[in-house]
Amino acid sequence: LPEHLVAPSFGHFPSIYLHSDSTFWLGTISGLKHYDPETKILRSYVHDPSDSLSLSHDIVRCVVADPKQPDKFLWVGTAGGGLNRLDIQTGHFQSWGVEDGLPDDVIYGILVDDSGMLWMSTNRGLSQFDPRTYSMRHFTTADGLQDNEFNRGAYFKSESGELFFGGINGLNAFFPEHVQNSTYSPAVVISDFRLSNESTELWKYAVTDSEEDHAYAFELSHREKILTFEFAALDFSAPDQNEYAYRLINFEEEWQYIGQERRATFTNLNPGTYYFEVKGTNSDGVWNDEATSVRIVILPPWWKTWWAYLSYFLLAAFSLYRINRFQIKRQLEKAEAANIKATDELKTRFYTNITHEFRTPLTVIRGMLSQINGHQEERDIIRRNSNKLLQLINQILQLSKLENDKLGLNLVKLDVVFFLQYLTQSFQSTADQRKINLSFESPITEWVLDVDELKLQQIISNLLANALKFTEENGRITLAVNQVELAGQPALEIEVRDSGVGISEEELPHIFDRFYQADNSSSRRGEGTGIGLALVKELTELMQGDIYVESQLGLGTSFCLRFPVIDLAETPHAATSDILDDRGSVSLQNAITRPKMSSMQTEDTEKPLILVVEDNTDVAHYLSRILTPSYRILISKDGQSGIEKAQEAIPDLIITDVMMPGKTGYELCAALKADERTSHIPIIMLTAKAADEDRLTGLRTGADAYLRKPFDPDELFVRMEQLILLRRKMQSHYAQKALPADVALLDNIEDRFLSRVTRLVESELDQNLSIEEMAAQLHLSRVQFFRKVKALTGLSPSRFVQRIRLRHAASLLSHSDLTISEIAYQVGFSDPKYFSKQFATVFGQLPTSYRNEIQTSEG
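Predicted model only: the values in this text are computed from it and were never measured. (Residues numbered from 1 in each chain as written. Predicted model: local features only at pLDDT ≥ 70, side-chain atom pairs only at ≥ 80, totals over all residues. Heavy atoms only, no water.)

Caption draft 1: View of the overall build of the protein chain. Regarding its fold elements, the protein chain presents 19 helices and 38 strands. By element, 50% of the accessible surface of the protein chain is carried by carbon and sulfur atoms, the whole surface being about 45000 Å². (Helix = DSSP H or I, 4+ residues; strand = E, 2+ residues; numbered from the N terminus. Areas by Shrake-Rupley, 256 points an atom, 1.4 Å probe, with all protein chains shown as cover.)

The following block contains the structure:
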């Protein structure tokens, strides 16, 4: 060989094979090499983990040509990759390893016998391989080998065809044709039967089997969950080489080939009949086609036997009979319930409609009351009775909602100690007038819980109002708060005690019934409706609480409430501001004050324009009367005309009712908020629809505030003024903000409108567009365009256009070398001096100073 092939860096040659084409195939520790002496070309084949068609291992021990196609295939033995076949033309390898049936992946030598079989020496015996069928046969010390482990390079074939293989304990020599396969097919016997992994005598479970095909038959209980069969083939020449296969008919129909394993286990078989079959081979791999069979019957549990199913059928028939009788009875009850439900629904609709109808005239009564001068005593009587009527209306409406499961909880985190103390103090003035000692007691200074603030307020207010009603002068009323144990959990306890007239023992069980009134009128200070305590009990149960009452005639009454402590609300602490006054109506006098309107009017000599959309003439007249001193008023009597008037006049704010002929207030709000001309206008809804879901509906359609009738005029003024102040902040924002000309970048309708205006102005900077031309291009009238721009920016359209031109001029000063005069002409100013003056007004410095400052900061 050439010297470069035997260099130390190349490694030694475990094998050298001279091919029929006079080329050499070299097995090395660094892969398979092919050397052509004529061309002096050396080609290498190595293992590539990413290529499944490469050599399976880099250490090559032996090489031999294929006995049938020597010019096309080579057989290569490796020290760790098993047997390889090389396709000489493509350079691709196919490999066989332990997973394909070889006893070991280390092959020391390969010899080809006269019949074309490959004989391979390994670390675990001698293997015969058929290149045509890829079948294998293995020989070990049990077959007469000197040892299962052979040596490297110790293999040779004589001219007579005898094969020699050297191992660690000697030499094996044999003629392949003298090695014959045994034709004996051994029977397979069941050697052990296990239940739940415990060996069991077969005869204990065997029964007489009428089928001759089965040597055994078993009946097992359904409780037997794990079955194991052990078996053995009756071939003792080399029992370790016997192989087995089994199947369980009615569970798995395919044969399971398990090699030398002699055990089969089954778990959780359903009741039924199964046939276990097993067959085996002799040591030469000859199968016995006659399988050993066992019939297994797993008995069902008693509840799945035929007599159990008969019982089920009889029971089902009896049940159907009873169900049929029950359905007939239920249909009669259902018809009666439907009549009751229809009556309840009619009553509910009546409650809802009448309370809504009461709210509107109450709004006028309470509103006009504040406009009457003098007659203080008469005004107090009217106010007190209107508040009482409003309270009764609210209670009736809540009872209606409770009856129909439409009243839910609105939990907030609240300091109940402070809240209840504040609530008690709100009744102090009434108690002082009646010379009653009203006190609050609590050993706890602060306790934050999750409660429904409004419902707890209604409960306590009703109890305190009742205590004040039935307690004589110089009496005593106490509201006590404490922490107690309730079913092993902390609970809130509230007790309202009074020294009043008390309740008789006969009437005590009925005080929480609706419309019930105790018959001790001689000692009562006022009349009631029987609604208050019924509402207290139902609201308490809605909050998962309990209420107890103790009373004696002449000695007073004690109401005790207990609520479980829960922690579900994610809202922050509720503000204790809207507290019921001593008449039971919401008082905002302590929470808000009406600011002086004169301060607003000094800022803007033109009064804001308010559009009132109200179908009730009295309410519209009342609103007009209280708003006229501070605002300009437009009146519209229905939703459709309100939309048209809003689009025409572009008011500063809209006040609308919800229920109106034609379009509702919700529809009006949605239409105006979606219209580019009116989307910026704040909208306040005044309505008798006071439910939470109605308020949420109004807010979702775009309303900025939602006040229920009857409303507090001071609250209405505060809401209006706050909305107008918010609009002025918006004007300042838009007056200073530079909007992109690309409308697609904006998702706000006001931004898009002003962006269109900006783009229109910047497209013709050197032209003096008139307001009429700009309005026409934006599909607006001159008045609509003027009021829209004024409402959004606080600037007239001409001032806003000038602001755009000046902002563009500032950009040119920063990024161009044009002179001041050139920039002035380019942005539409005909007089550079006037341009400089207006630029200084907006930016606080002259254009020259502005450019110098920009250049200095950039430098």
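The structure having been displayed, the exposition proceeds.
Caption draft 2: The sheet that holds strand 35 (residues 632–636), seen in detail. Taken in spatial order, the 5 strands line up as 35-34-36-37-38 in an open sheet, and their pairing is parallel. The open sheet has two edge strands with one neighbour each: strand 35 and strand 38 (705–708). Sheet twist, expressed as the average angle between the axes of neighbouring strands with direction ignored, equals 20°. Relative to strand 36 (residues 653–656), strand 34 (residues 609–613) runs parallel, the two being bridged by 4 bridges. Pairing of I610 across the sheet is with L653, part of strand 36. (Pairing = 2+ DSSP bridges. Axes fitted to C-alpha atoms, helices over the stretch in contact; angles between N-to-C directions.)

Caption draft 3: Broad picture of the pattern of salt bridges. Inspection of every chain in the model, using the stated rule, returns 19 salt bridges. Residues D104 and R124 are paired through a salt bridge, measuring 3.8 Å at the closest nitrogen-oxygen approach. Taken together, the positions of D104 in the loop between strand 8 (92–96) and strand 9 (107–112) and R124 in the loop between strand 10 (118–122) and strand 11 (125–129) put the pair 20 residues apart, joining distant regions of the chain. A relative accessible area of 13% means that D104 is categorised as buried. E230 is the salt-bridge partner of R263, the closest N and O atoms lying 2.7 Å from each other. (Salt bridge = Lys/Arg side-chain N within 4 Å of Asp/Glu carboxyl O. Buried < 20%, exposed > 50% of the residue type's maximum accessible area, 1.4 Å probe, protein only.)

Caption draft 4: Local environment of the pairing of strand 19 (residues 226–233). In terms of burial, strand 19 is a largely internal element, 7 of the 8 residues being buried. The pairing of strand 19 with strand 22 (residues 263–267) spans 5 bridges and is antiparallel. Residue pairing for strand 22: T228 is matched across the bridge by T265.

Caption draft 5: Region of the structure containing the packing of helix 3 (residues 416–425) against helix 5 (residues 453–469). Where helix 3 contacts helix 5, the two axes come as close as 11 Å, and the packing angle between them is 40°. Between helix 3 and helix 5, the angle falls in the class oblique. Helix 5 is crossed by helix 3, and the crossing has right-handed handedness. Of the residues in helix 5, those touching helix 3 at F419, L420, L423 and T424 are E453, L456, Q457, I460, S461 and L464. The residue inventory of the contact of helix 3 with helix 5, partitioned by class, reads 6 nonpolar, 3 polar and 1 charged. (Parallel < 35°, antiparallel > 145°, perpendicular 65-115°, else oblique. Left-handed = near helix turned anticlockwise from the far one by under 90°. Contact = heavy atoms within 4.5 Å. Nonpolar A, V, L, I, M, F, W, Y, C, P; charged D, E, K, R; others polar.)

Caption draft 6: Representation of helix 3 in the model. By the burial criterion, the buried members of helix 3 are V416, V417, F419, L420, L423 and T424. The arc that holds every buried residue of helix 3, seen down its axis, measures 165°, which confines them to one face. (Arc of directions from axis to C-beta.)

Caption draft 7: View of the pairing of strand 16 (residues 188–195). Sheet topology note: the strand 16/strand 19 ladder contains 7 bridges and is antiparallel. Bridge pairing in strand 19 links R194 to T228. Note: strand 16 against strand 17 (residues 198–200), 3 bridges, orientation antiparallel. Each bridged residue has a counterpart across the sheet, and for F193 the counterpart in strand 17 is T200. Counted between consecutive antiparallel strands, the loop separating strand 16 from strand 17 contains 2 residues, among which S196 sits at a positive phi close to 55°.

Caption draft 8: Fine view of the packing of helix 13 (residues 749–763) against helix 16 (residues 797–815). Running from amino to carboxyl end, helix 13 crosses helix 16 at an angle of 65°, the nearest separation of the two axes being 10 Å. Relative to helix 16, the element helix 13 lies roughly perpendicular. In this structure, the crossing between helix 13 and helix 16 has a hand that is right-handed. Facing L754, V757, T758, V761 and E762 of helix 13, the residues of helix 16 in contact are F800, V801, I804, R805 and H808.

Caption draft 9: Highlighting the environment of T687. By the element assignment, T687 lies in strand 37 (residues 683–687). As a C-alpha pair, T687 and M659 span 28 residues in sequence and 7.5 Å in three-dimensional space. Other than its neighbours up to four places away in sequence, T687 contacts D657, V658, Y706, L707, R708 and K709.

Caption draft 10: Structural detail: the nonpolar core. Counting residues in each nonpolar core, the largest one holds 40 residues, and the members touching the most others are I459, I460 and I494. Mapped onto this core, the elements with two or more residues apiece are helix 3, strand 27 (448–452), helix 5, strand 28 (476–486), strand 29 (489–498), helix 6 (532–542), strand 30 (546–552) and strand 31 (556–564). Of the residues forming this core, the biggest block, 7 residues, is contributed by helix 5. Sequence-distant contacts of I459, that is, excluding residues within four places in its chain, are made with V536, L539, T540, M543, L561 and F563. Grouped together as the second largest cluster of nonpolar side chains are 23 residues, F193, A232, Y244 and F276 included. (Core = buried A, V, L, I, M, F, W, Y, C linked by side-chain atoms within 4.5 Å.)

Caption draft 11: Broad picture of the packing of aromatic side chains. For the structure shown, the criterion picks out 33 aromatic pairs. Relative to F129, the ring of W96 lies with its centre 5.5 Å away and its plane at 65°, an arrangement referred to as edge-to-face. With a gap of 33 residues between them, W96 in strand 8 and F129 in strand 11 connect regions that are remote in the sequence. The residues W96 and F129 share a single accessibility class, namely buried. Each ring, one from F231 and one from F276, has its centre 6.3 Å from the other, and the planes form 35°; the classification is tilted. Of the two residues, F231 sits in strand 19 while F276 sits in strand 23 (residues 272–280), which places them 45 residues apart along the sequence. (Phe/Tyr/Trp six-rings, centres within 6.5 Å; stacked < 30°, edge-to-face > 60°.)

Caption draft 12: Structural detail: the sheet that holds strand 9. Read from one edge of the open sheet, 4 strands run 9-10-11-12, paired in antiparallel fashion. In this open sheet, the two strands that pair with only one neighbour each are strand 9 and strand 12 (136–139). Strand-to-strand twist across the sheet, computed as the mean angle between neighbouring axes with direction ignored, equals 20°.

Caption draft 13: Layout of the side chain of E252. Locating E252 in the fold gives a position in strand 21 (residues 252–259). It is R247 that comes nearest to the buried, bridge-free E252 among opposite-charge side chains, at 9.2 Å. Discounting residues that sit within four places of it in the chain, E252 has contacts with Y246, R247 and F266. (Lys, Arg positive; Asp, Glu negative; His and termini not counted.)

Caption draft 14: Structural view of helix 6. Taken residue by residue, helix 6 has G532, L533, A534, L535, V536, L539 and T540 as its buried positions. Positive backbone phi, approximately 65°, marks Q544, located one or two places after helix 6.

Caption draft 15: Quick look at the environment of S115. Topologically, S115 is positioned in the loop between strand 9 and strand 10. C-alpha of S115 to C-alpha of E177: the two residues are 62 residues apart in sequence and 8.3 Å apart in space. Among the polar contacts made by the side chain of S115, one reaches the side chain of D113 at a distance of 2.9 Å. (Polar contact = N/O pair within 3.5 Å; in protein donor to acceptor, adjacent residues only side chain to side chain.)

Caption draft 16: Structural view of the environment of P564. Of note, P564 is situated in strand 31. Its relative accessible area of 28% is what places P564 among the partly exposed residues. When the C-alpha atoms of P564 and A491 are compared, they prove to be 4.6 Å apart, with 73 residues separating the residues in sequence. Residues in contact with P564, not counting those within four places in the same chain, are P490, A491, M543, Q544 and G545.

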